[in-house]
Amino acid sequence: MEAYSEKVMEHFRNPRNVGEIENPDGIGHVGNPLCGDIMELYIKVEDNTIVDAKFKTFGCGAAIATSSMVTELVKGKSIDEALAISNKAVAEALGGLPPIKMHCSVLAEQALKSAIEDYIEKEKKTLT
Amino acid sequence: MNIIFLDYASTTPTDPEVVKVMLPYFTERFGNPSSIYSLGQEARAAIEGTRGKIAVALGAKSKEIIFTSGGTEGNNFAIKGVAYANEHKGNHIITSSVEHHAVIEPCKFLEKKGFDLTYLPVDKDGLVNPDDVRKAITKKTILISIMHANNEVGTIEPIKEIGRIAREHNVYFHTDSVQSFGHIPVDVNDLNVDLLSVSAHKLYGPKGIGALYIRKGTKVIPFMHGGDQERKRRASTENVPGIIGFGKAVEIASTYMNEEAKMLTTLRDKLVKGIFAKIDHIRLNGHPTQRLPNNVNFAFEFVEGESMLLSLDMEGIAASTGSACSSSSLEPSHVLLALGLPHEIAHGSLRFTFGRYTKNEDIDYVLEVLPKIVEKLRSMSPLYKKKNKVTNFSSKSAKEN
Ligand code: FES
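Per chain, residues are indexed from 1 in the order of the written sequence. Each chain takes a letter, starting from A, and each ligand takes a number, starting from 1, following the order in which they are written. Under the rules for a predicted model, residues below a pLDDT of 70 receive no local features and side-chain atom pairs below 80 are neither given nor counted, while totals for whole chains, interfaces and linings still include all residues. To obtain the side-chain values, all non-hydrogen atoms of the structure were included, while hydrogens and water were left out.

Asker: Give a detailed account of the overall build of chain B, specifying residues and quantitative values.
Answerer: When helices and strands are tallied, chain B shows 13 helices and 12 strands. Computation of the radius of gyration draws on C-alpha atoms alone. For the globule rule, the value is 2.2 Å times the number of residues to the power 0.38. Against the compact-globule benchmark of 21 Å for 401 residues, chain B has a radius of gyration of 23 Å, which places it among compact chains. With the C-alpha coordinates aligned to their principal axes, the bounding extent of chain B is approximately 85 × 55 × 35 Å. Looking at the 401 residues of chain B, the share that counts as buried comes to 58%. Carbon and sulfur atoms make up 55% of the accessible area of chain B, which amounts to about 17,100 Å² in all. Positive charge is attributed to Lys and Arg, negative charge to Asp and Glu, and no charge count is given to His or to the chain ends. Where a charge sits is defined by one atom per residue type, namely NZ (Lys), CZ (Arg), CG (Asp) or CD (Glu). For chain B, the separation between the mean place of its 49 positive charges and that of its 46 negative charges on side chains is 3 Å. Helix and strand definitions here come from DSSP, where helices need a minimum of 4 consecutive H or I residues and strands a minimum of 2 consecutive E residues; each element is numbered from the N-terminal end. When accessible area is computed with a 1.4 Å probe and restricted to protein chains, residues below 20% of their type maximum are described as buried, those above 50% as exposed, and intermediate ones as partly exposed. Areas reported here follow the Shrake-Rupley algorithm with a probe of radius 1.4 Å; residue values treat only the protein chains shown as occluding.

Asker: Please set out the overall build of chain A residue by residue, giving values where relevant.
Answerer: Counting its regular elements, chain A contains five helices and three strands. Each helix and strand of chain A, ordered N terminal to C terminal, gives the series α-β-β-β-α-α-α-α. A compact globule built from 128 residues would reach a C-alpha radius of gyration of about 14 Å, and chain A, at 14 Å, matches this within 12%. Principal axes of the C-alpha set define a box for chain A whose edges measure 50 × 25 × 25 Å. Sorting the 128 residues of chain A into buried and exposed places 52% on the buried side.

Asker: Describe the environment of B:Val122, with residues and values.
Answerer: Residues and elements named next belong to chain B. For Val122, the position within the fold is in the loop between strand S4 (116–120) and helix H6 (130–136). Accessibility expressed as a relative area gives 13% for Val122, which makes it buried. Spatially, the C-alpha atoms of Val122 and Ser96 are 7.5 Å apart, while their sequence positions differ by 26 residues. We call two residues in contact when some of their heavy atoms are within 4.5 Å. With residues near it in sequence (within four places) discarded, Val122 still touches Ser97, Val98, Leu127, Val128, Ala338 and Leu339.

Asker: I'd like a description of the interface of chain A and chain B, backed by residues and values.
Answerer: In this assembly, 25 residues from chain A lie in contact with 23 residues from chain B. Buried area adds together the accessible area that both of two parts lose upon being put together, with accessible area traced by a 1.4 Å probe. Here chain A and chain B share an interface that buries about 1,900 Å² over both sides, 69% of which is from carbon and sulfur atoms. Taken as a group, A:Phe12, A:Cys35 and A:Phe58 account for 31% of the area that chain A buries against chain B, more than any other trio of residues on that side. Each salt bridge in this description consists of a side-chain nitrogen of Lys or Arg and a carboxyl oxygen of Asp or Glu lying within 4 Å of one another. Among the ionic pairs, A:Lys101 bridges to B:Glu306, the shortest N-O distance being 2.6 Å.

Asker: Describe the sheet that holds strand S10 (residues 295–300) of chain B, with residues and values.
Answerer: All names here are of chain B. In space, the three strands of this open sheet follow the order S9-S10-S12, with antiparallel pairing throughout. Each end of this open sheet is capped by a strand with a single partner; those strands are strand S9 (282–284) and strand S12 (349–353). Ignoring strand direction, the axes of neighbouring strands in this sheet form an average angle of 20°. At least two DSSP bridges between two strands are required for those strands to pair. Of the pairings in the sheet, the one linking S9 to S10 comprises three bridges and is antiparallel in character. Bridging across to S10, Leu284 finds its partner in Phe298. Only the stretch in contact is used when fitting a helix axis, every axis being a line fitted to C-alpha atoms; angles between N-to-C directions are given from 0 to 180 degrees. Strand contacts of helix H9 (residues 305–314): S10 and S12, with the helix running at about 45° to S12, the strand carrying the most contacts.

Asker: Provide a residue-level description of the domain arrangement of chain B, including the pertinent values.
Answerer: All names here are of chain B. Looking at chain B, the domain boundaries give domain 1 (4–8 + 257–382) and domain 2 (16–253). Measuring from the centre of the C-alpha atoms in domain 1 to the corresponding centre in domain 2 gives 28 Å. Counting residues at the interface gives 25 residues for domain 1, matched by 31 residues for domain 2. The junction of domain 1 with domain 2 conceals about 2,300 Å² of combined surface from both sides, 56% of it contributed by carbon and sulfur atoms. One can count zero salt bridges joining domain 1 with domain 2. Polar contacts, as counted here, are pairs of nitrogen or oxygen atoms within 3.5 Å of one another; within protein the pair requires one atom able to donate a hydrogen and one able to accept it, and residues that are adjacent in sequence qualify only if both atoms are side-chain atoms. Run the count over domain 1 and domain 2 and you get 12 residue pairs in polar contact (both at pLDDT 80 or more). Of all elements in the fold, only helix H8 (240–278), S10 and helix H10 (334–338) reach the threshold of two or more residues within the side of domain 1 that touches domain 2. Element by element, the count of residues in the side of domain 1 that touches domain 2 is highest for H10, at four residues. Among the residues making up the side of domain 1 that touches domain 2, the classes are represented as 11 nonpolar, nine polar and five charged. For the domain bounds, the source is a domain assignment made automatically or taken from a database. Under the scheme applied, nonpolar residues are Ala, Val, Leu, Ile, Met, Phe, Trp, Tyr, Cys and Pro; charged residues are Asp, Glu, Lys and Arg; polar residues are all the others, including Gly.

Asker: Can you lay out the confidence of the model for chain B for me, pointing to particular residues and giving the numbers?
Answerer: For residues with low pLDDT, the predicted coordinates do not support detailed interpretation. All names here are of chain B. Here chain B averages 94 in pLDDT, and 96% of its residues register 70 or above. On a range of 0 to 100, pLDDT expresses the predictor's confidence in each residue. Here residues 387–401 is modelled with pLDDT under 50, and outside its nearest four sequence neighbours on either side it reaches four contacts, counting other chains as well. Interface scoring of the predicted complex returns ipTM 0.93; its pTM is 0.93.

Asker: Go over the sheet that holds strand S1 (residues 26–31) of chain A with me, naming the residues and quoting the values.
Answerer: All names here are of chain A. An order of S1-S2-S3 is seen for the three strands of this open sheet, with the pairing classed as antiparallel. The open sheet is flanked by S1 and strand S3 (49–58), the only strands paired with a single partner. Along the sheet, successive strands turn relative to each other by an average axial angle of 15°, direction set aside. In terms of strand pairing, S1 meets strand S2 (residues 38–46) through six bridges, oriented antiparallel. Bridging across to S2, Val30 finds its partner in Met39. Helix H2 (residues 61–74) contacts S2 and S3 of the sheet and is inclined by roughly 175° relative to S3. Its contacts with the sheet put helix H5 (residues 102–127) on S1, S2 and S3, and the angle it makes with S1 is roughly 145°.

Structure (structure tokens):
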């Protein structure tokens, strides 16, 4: 396999935002249909802005690094801005991923989207 | 950083003694063994001498040894060679579900060409049941191919018994001996085999050279067509330096095999015991005792293998995994699945294989580093609900008091 970039290894070595958020505003829970990995992403939202994000991941080096990166990217972003974060953007922020590992960044994107959807669902419920 | 290499099943460093005997055959004694002048004949004599050595190590005759480019070639040669030479007798081949890709892929290729394949299951320890072999044999069976020792989990198969069954039924029997030769006794008559593949770089010889034993009288079509080399069964100018190096490697392995196996078994059992003592939610893969002296394979629940490998690499340890994430197909190891491991547990597998240069301290180091790595990755895993939270907490507070 192609080697990981320095940035990926750095995030793998020191992953940011590992853990769970108590009483999160949104939780994303996704599984990777390709290799069978699992990612959980928690967000805290205030005034339509994501103020905190944490993750737990069962997966390869790329999966851990992309989870770490996506939680970094999303902090301080509005919901709309966060929804616009693509897996490519995450991979690019990590200095690229080996082609066979791109699907791990897709998982990170999906985890984020599903956490935001969860948040929007909950919001709707509290409004009605 | 010093690398602690614990992946000897993948390859071994070439023994300096081996390199030394090879060198003259690149420069001074570079003759082509097919040439009639003395430079050529000198090379011819050297490779024939080596053929004799390898034959003795296998309990075979010189004429039954064909040099190949390695284990993959030996397996391809044996399986396709026997299949196509005996097509008129039948089209059924029996193999197991835990073979190396170099056996499985030629089998799948033959399946596409109209051969009928049976892939026998294994038990939870990776053993093929000889009774299953007996039951699978039909009038059309022309070949049985079962590996001697498994490259991933180290299980040693009951080759002698399977060989006896094959002989009773007059079916050719091939074994892939790449992981066992040079490490445990391999004798073609004792094992009742007709074909047996070996490779030099798994026993401190050079890469790119191996051999296939073909019992006298076995019908096999040539692997390569061309010149008259290797009794016309494998054309191509001989890899003279490789062959010479292979011979030396076999000589060294034969001398030290028993001593080495004893040393490796001690290290193996120490690592197994240590891991069981320090880490919970784990499973030893492969047979507990009927396994290669140098193989340790564990599955660690709730963690993924590639991330363990990367973490070990950062600590200077080289190992291997059967995780889906580290394979190009994104499929977990077929061997671990055949043992009955669920996908997510196969995910967390780690293989350590030791060798001649492994030291007791290396095992201590692994036992110091590995529990921390597993702990760190588990703390990041959504699957890990800390079952021992309470006990951990109380033991910690007890210490603090
Ligand atoms: S999570 Fe399996 S390959 Fe990345």
